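# Observations on chain architecture
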Amino acid sequence: MKNKDIISKMTLEEKASFMSGKDFWTTMDLKKYDIPSIFLSDGPHGLRKQAAAADHLGLNAGVPATCFPTSATVANSWDEKLGEEMATYLGKEAASLDVNVLLGPGTNIKRNPLCGRNFEYFSEDPLLAGKMSAAYVRGIQSTGVSACLKHFAANNQEFRRMVIDSIIDERTLREIYLKPFEIGIKEGNLKCLMSSYNMVNGTHTNENIHLMRDILRDEWNYQGMVVTDWGGSNDRVKGLIAGNSLEMPTTGGETNEEIIKAVKSGEISEDVLDENLDRLLNLVFDTSKAVNASKESFDKEKHHLMAQKVAEESMVLLKNDNALPLNNKEKVAVIGDFAKTPRYQGAGSSIVNPTKLDNTIDVIADFDINYIGFEPGYNRYGKKSNSLIKKALKLAEQAETILLYIGLDEFSEVEGLDRKDMLIPSNQLELFNNLKTLKKKIVVVLACGSAIEMDFADDANAILHTYLSGQAGAKAALNILTGKINPSGKLSETHPFKYEDTPTAKYFPGKEVTAEYKEGLYVGYRYFDTNNVKVRYPFGYGLSYTSFEYSDLEVNKNEVTFKIKNTGKFNGKEIAQVYVKATNSKVYRPEKELKGFVKVDLKANETKTVSVKLGEDAFKFFNPDSLKWEVEKLQYEILVGASSTDIRLKSKLDVDGINIKTTLDLKDIPSYKSGKIQDVTTAEFEKILGREVPKSTYNFYKKNRLVVGYNTTVDQLRYSRRWVGRAFSGGIRFAIKLLHGLGKREAANTLAMGVVHLPMRGMAHMSGGAISWGQLDGLIMMFNGHFFKGFGKFLKEGRIKSKKRKMLKKEEKSNE
C-alpha cells in the first residue's frame, strides 16, 4: 500500500468515514493527516459543476463550461487522436474549475436504439467504443485530472435501471459488454471506474465478485479506484468486499457505521477496509496535485473552436443527390425550430451550461449563402400547427433549396427514460410531406443522439446527420453544407429501416425483474450482416464530397496493409475499416467483426499506403468452457471496407491456434448458429447461459400484490399490500401526467427519471442523510400495511437522526 503510514495512524472510525461522500459531490477530508477533499463532477462532453444546490438530475445549472459534441457524435469521427485532443481540453477545464474527477466517458454498448442514454455512449461495437474510451481517458488524465469510465457493466436500459438484472452468458459478457471497458482501462491506464446501478446475473455490480475481483482486479490488473453511481450502493459491506471504495453521495454516516460494525464483528477484515482506503487516497493525492497547480481559467474561445472542429469531423453525410455543397446563387430558405434553438446535447446528469451557443439563424450571415429567410415550421414538442406549416410553405415557395432542421427534442432522449419508439415527431413529418409537394430541393439537417426511422429519406435530396454536435455545431454544419469542410464522419451505429428489424426488439427492455440478453453476440451489424437484413444506413457508412479507391491488399496475422486513393476533386478523409470473418468455426460467430480502423487524410488525386495492426486479439474468442481467450486454428477472411456492407478488398489467412474443445454443440443452438435470434427459445438461451434462466416476473404473494422491500421501486408500489403505497405511487404517476398535460415536460421528465424507478433504498441513499435507514424502515412498514406502527417508527428514527447530527457536528469542530 502506498499510503500505509497514514492509514496505520487512523482509527477505524476515521477510515470508515472516507468510504462515503462528504456531501453530494465531494469526498471526506481530514486535516490532521493532510488529506484533502476532492470534487467529482459529471462531464462526459463538458463540465457540469453545479453553482447552486447539488443534484444528479440536471435541475440546477452548472457553472459555464464548453459543451463539446456528445460521445455518440464523436464516435462518428472514428478518430482516436481527435478524441484524445478534445478530452485534453475537458481535463484542462476540469482542473481550472477545481474538479478532480471527471465522471466520464460512458462506454456502454448500444444494445438497443431506444436506450435513453445512447447519446452518451460511443457505439454498438466494442472495439470502436473501447478505442474511443481509451482516447478520452488518456486525454483527460494527461492534465492530472482523473477520468471515470462508466457504467460498469451491462447497463443498457434506463427502465428500472437501479434494480434490473441483466442476464447474460459469459461469452457475450466478455466479448461485447466488457471488452470496451477492458480496452479503456488497459490502454488508458484508468484511475477511476464507476459501477452501474443494475445487477448482472443475480448480483448488483458494485458487490459482484466475478466482475469486481475476478475480472477487474485479477485478470485486468486494474489498480485504480471504484466508485458507485450516485445512489447505486445496495449492500455497503458487500460492496466493500468486492472492492468498491467510495459510495456516493453522502449517506450521513449511516453506511460508515455498517462498515464499522462489520469490522468489529469479524464479518470483514480491517485489511479490506485499508485496501479500499488506500486506492481512494491514491486518487485523492494524485489529482489534488494537478488541480492545485492549475489556477488559470481556460480560453473560452479557443475551446469553442475546438468544439467546432470536433463537430466538423463527426457529422455524417447520409445522402446527397447533387444537392450539396450549396450553390451560393441558389435561394435558400431555412425551416425548422432547431435552426433557431439548436438541439445540441442530451438531458439529465450530463447537461452542460455552455459558455456560448451558436445557432444557424444568428451565424448564417457569415457564410456565402443566398439566404432568404427563416420559419420555425413546427412546434418543438410535437403539437400540430397548421399556421406554422402555412408560413413555412409560403417562405419555401420563394426558395430553390430548403434547409430543413428536424430531429428529436431534448426531452425525447434523457437519462432515466428509454424512448418509446424510433420515430421523430409526426408534426415534423407532416411539415416535410407538405414541403416535398413544392418540388424544391430539400436538404435535411438532422439532430438526435441515437438511431431513428427515416421514412423521409427517400424524398430528401440530401441528409446531413449532425447528431448532438455541441455548442459550436451550427457553424460546423454550415461549413459542411457550403463545402468549406468535406464531411468525413461515418456511423458508429446501424440505422435500420424500422425498429422491428433490430435484433433486440422483442427482448428490450426487461420489464420486471430481468433483462434477458437472448441475442447473444448478435448486436447491431453483427446481426444485420449475418442475416443479410437490409438497413437504411449500415454501420461504418458515411458519404464524402469526393471518392476513394482501395487497392493492393497485403495481410499477415499482425498487420493489414493496403492503398487508398482519393479519386475525386476535393481533399477529403476516408475511414477504412478492417473486419475479420471466421470460416467453418466450431463455435457460433457473427458474419464479420470489426478488428481495426484508420482515418486517412488525402488530397485530391493523392494515394497513401496505410497499415492497420491486428495481432492475436483480432482472432480470439472467449471460450466459456475453458474460461480463457483462445485462438481457433482456422482459415480467416480479412475484409477491408468503407462500411460493414461496402467491402472493397478481401484476402484469406490461415491462422495457427488450437483445436477448440467445447461442450456446446451447434446443433443444440440453431438460432445462434444461423444468427436468426429474434425468437430464441428459453431452452436455447439456457444452453449458452449454462444454467436455468431465472424468473423474469414479479414475485406476487397473491394476485397483483407485493411485499415491499428495499429494492421495491416507487413504480412497483402500485402493487403494495395497502392503500398507502398505492396512493404514493399513484400520486407520483398522476403528477407526471398532469405536468405533461400542462406542458411542463422538464418537470415531468425529472419526476419520471428521478423518482418512478427509484428503489426504496434510493430514498435513503439519494437524500444525503435526510432520510435515515430507520426512517426508511418506517416507510416500508407503512407501505406494507402497518401504517401507525410505521409512522411512529419514522418519527422516532427522525429524532434519533437529529441527535446524531448534533453529535457529529461537535466531533467535526473538535477535529478542526
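Data block above holds the structure.
Residues numbered from 1 in each chain as written. Predicted model: local features only at pLDDT ≥ 70, side-chain atom pairs only at ≥ 80, totals over all residues. Heavy atoms only, no water.

### Concerning the overall build of the chain
Looking only at helices and strands, the chain has 24 helices and 25 strands in total. Its C-alpha radius of gyration of 27 Å places the chain within 12% of the 28 Å reference for a compact globule of 816 residues. In terms of overall dimensions, the chain has a C-alpha envelope of 75 × 70 × 60 Å along the principal axes. When the 816 residues of the chain are sorted by exposure, 62% land in the buried category. The long-range share in the chain, meaning contacts at least 24 apart out of those at least 6 apart in sequence, stands at 76%. Surface exposure of the chain reaches about 31,100 Å², of which carbon and sulfur atoms provide 49%. Taking the 115 positively charged and 105 negatively charged side chains of the chain as two groups, their mean positions are separated by 4 Å. (Helix = DSSP H or I, 4+ residues; strand = E, 2+ residues; numbered from the N terminus. Rg over C-alpha atoms; globule rule 2.2 N^0.38 Å. Buried < 20%, exposed > 50% of the residue type's maximum accessible area, 1.4 Å probe, protein only. Contact = heavy atoms within 4.5 Å. Areas by Shrake-Rupley, 256 points an atom, 1.4 Å probe, with all protein chains shown as cover. Lys, Arg positive; Asp, Glu negative; His and termini not counted. Charge placed at Lys NZ, Arg CZ, Asp CG, Glu CD.)

### Section: a nonpolar patch on the surface
Together, Phe734, Leu738 and Leu742 make up a nonpolar patch on the protein surface, roughly 330 Å² of accessible area in all. With respect to the helices and strands, phenylalanine 734 occurs in helix α20 (residues 723–741). (Patch = residues over 30% accessible without salt bridge, like charges linked within 9 Å, V, L, I, M, F, W, Y side chains within 5 Å. Salt bridge = Lys/Arg side-chain N within 4 Å of Asp/Glu carboxyl O.)

### A short note on the nonpolar core
Counting 145 residues, the largest nonpolar core has Phe152, Leu193, Val227, Trp230, Leu594, Tyr672 and Met760 as the members making the most contacts within it. Here the element with the most residues in this core is helix α5 (residues 126–141); it accounts for 8 residues. Not counting chain neighbours up to four residues away, the residues in contact with tyrosine 672 comprise Lys518, Glu519, Gly520, Tyr522, Tyr588, Ile677, Val680, Glu684, Phe685 and Ile688. In this structure, Val316, Leu404, Ile452 and Met454 belong to the second largest nonpolar core, which totals 63 residues. (Core = buried A, V, L, I, M, F, W, Y, C linked by side-chain atoms within 4.5 Å.)

### Observations concerning the layout of surface pockets
One number sums up the size of the second largest pocket: a volume of about 1,100 Å³. Taken together, 32 residues form the lining of the second largest pocket, with Leu417, Asp418, Lys420, His740 and Asn749 sitting closest to its centre. Taken together, the elements giving at least two residues each to the lining of the second largest pocket come down to α15 (426–436), α20 and α21 (745–756). Here the residues of the lining of the second largest pocket sort into 13 nonpolar, 9 polar and 10 charged. (1 Å grid on protein atoms, 1.4 Å probe; cavity = no way out; pocket = protein on both sides within 12 Å on 5 of 7 lines; lining within 4 Å. Points joined across faces, edges and corners; volume = space filled by probe spheres on them. Nonpolar A, V, L, I, M, F, W, Y, C, P; charged D, E, K, R; others polar.)

### Some points on the pairing of strand β15 (residues 462–465)
Burial along β15 is two-sided: the residues Ala462 and Leu464 and Ile463 and His465 are all buried. In this sheet, β15 lies alongside strand β10 (residues 316–320) in antiparallel orientation, the contact comprising 4 bridges. Looking at the pairing, valine 316 lines up with histidine 465 of β15. As paired strands, strand β14 (residues 441–447) and β15 are joined by 4 bridges and run parallel to one another. Residue pairing in the sheet places valine 443 in a bridge with alanine 462 of β15. (Pairing = 2+ DSSP bridges.)

### Focus: the sheet that holds strand β21 (residues 607–613)
The sheet built from 3 strands is open, its strands ordered β17-β18-β21 with antiparallel pairing. In this open sheet, the two edge strands, each paired with only one partner strand, are β17 (548–555) and β21. Ignoring strand direction, the axes of neighbouring strands in this sheet form an average angle of 25°. Across 7 bridges, strand β18 (residues 559–566) lies against β21 in antiparallel orientation. Paired with phenylalanine 562 across the bridge in β21 is valine 610. (Axes fitted to C-alpha atoms, helices over the stretch in contact; angles between N-to-C directions.)

### Focus: the pattern of salt bridges
On inspection of all chains with the given rule, the structure shows 52 salt bridges. Taking the shortest distance from any N to any O, the salt bridge between lysine 498 and aspartate 501 comes out at 3.0 Å. Across the pair aspartate 529 and lysine 592 runs a salt bridge whose closest N-O atoms are separated by 3.3 Å. On the criterion of sequence distance, the pair formed by aspartate 529 in helix α17 (residues 525–530) and lysine 592 in the loop between β19 (572–582) and β20 (593–602) is long-range, its members being 63 residues apart. Accessibility classification places aspartate 529 together with lysine 592 in one group, the buried group.

### Considering the sheet that holds strand β6 (residues 192–195)
Spatially, the 3 strands line up as an open sheet ordered β4-β6-β9, and their pairing is parallel. Pairing within the sheet leaves two strands with one partner each, and these edge strands are β4 (149–152) and β9 (225–227). Strand-to-strand twist of the sheet, defined as the mean angle between neighbouring strand axes without regard to direction, takes the value 30°. Summarising the sheet, β6 and β9 pair through 3 bridges and their orientation is parallel. Within β9, the position partnered with leucine 193 by the bridge is valine 226. Set on the sheet, helix α6 (residues 170–188) makes contact with β4 and β6; between it and β4 the angle comes to about 150°.

### Regarding the packing of aromatic side chains
With the rule as written, the count across this model stands at 29 aromatic pairs. Between phenylalanine 338 and tyrosine 378 the ring centres are 6.0 Å apart and the planes differ by 80°, which places this aromatic pair in the edge-to-face class. With phenylalanine 338 in helix α12 (residues 337–340) and tyrosine 378 in the loop between β12 (370–375) and α14 (386–396), the pair connects residues that are 40 residues apart, well separated along the chain. Overall, tyrosine 378 belongs to the buried group, its relative accessible area being 3%. Directly above the aromatic system of tyrosine 588 lies the positively charged group of arginine 171, at a separation of 4.9 Å from the ring centroid. For the cation-ring pair, lysine 179 lies above tryptophan 629, with the distance from its terminal atom to the ring centre recorded as 4.3 Å. (Phe/Tyr/Trp six-rings, centres within 6.5 Å; stacked < 30°, edge-to-face > 60°. Lys NZ or Arg CZ within 6 Å of the ring centre and 35° of its normal.)

### A short note on unusual backbone geometry
Cis geometry marks the peptide bond from lysine 150 to histidine 151; its omega dihedral reads -5°. Position of histidine 151 relative to the elements: it lies in strand β4. Residue proline 249 is reached from methionine 248 by a cis peptide bond, and omega for that bond is -5°. The residue proline 249 is located in the loop between α8 (236–242) and α9 (254–265) in this model. A positive phi angle, near 50°, is found at asparagine 201, a position not held by glycine. Mapped onto the fold, asparagine 201 is located in the loop between β7 (199–200) and β8 (203–204). Despite not being glycine, aspartate 552 shows a phi value in the positive range, around 55°. Its relative accessible area of 47% is what places aspartate 552 among the partly exposed residues.

### Topic: the packing of α5 against α6
At a minimum axis separation of 7 Å, α5 and α6 run at an interaxial angle of 30°. The angle between α5 and α6 places the two elements in the roughly parallel class. Crossing hand, α5 versus α6: right-handed. Residues Pro126, Leu127, Ala129, Gly130, Lys131, Ser133, Ala134, Val137, Arg138 and Gln141 of α5 pack against Glu175, Ile176, Lys179, Pro180, Ile183, Gly184, Glu187 and Gly188 of α6. (Parallel < 35°, antiparallel > 145°, perpendicular 65-115°, else oblique. Left-handed = near helix turned anticlockwise from the far one by under 90°.)

Fair warning: the whole summary comes from geometry, so function is off the table for now.
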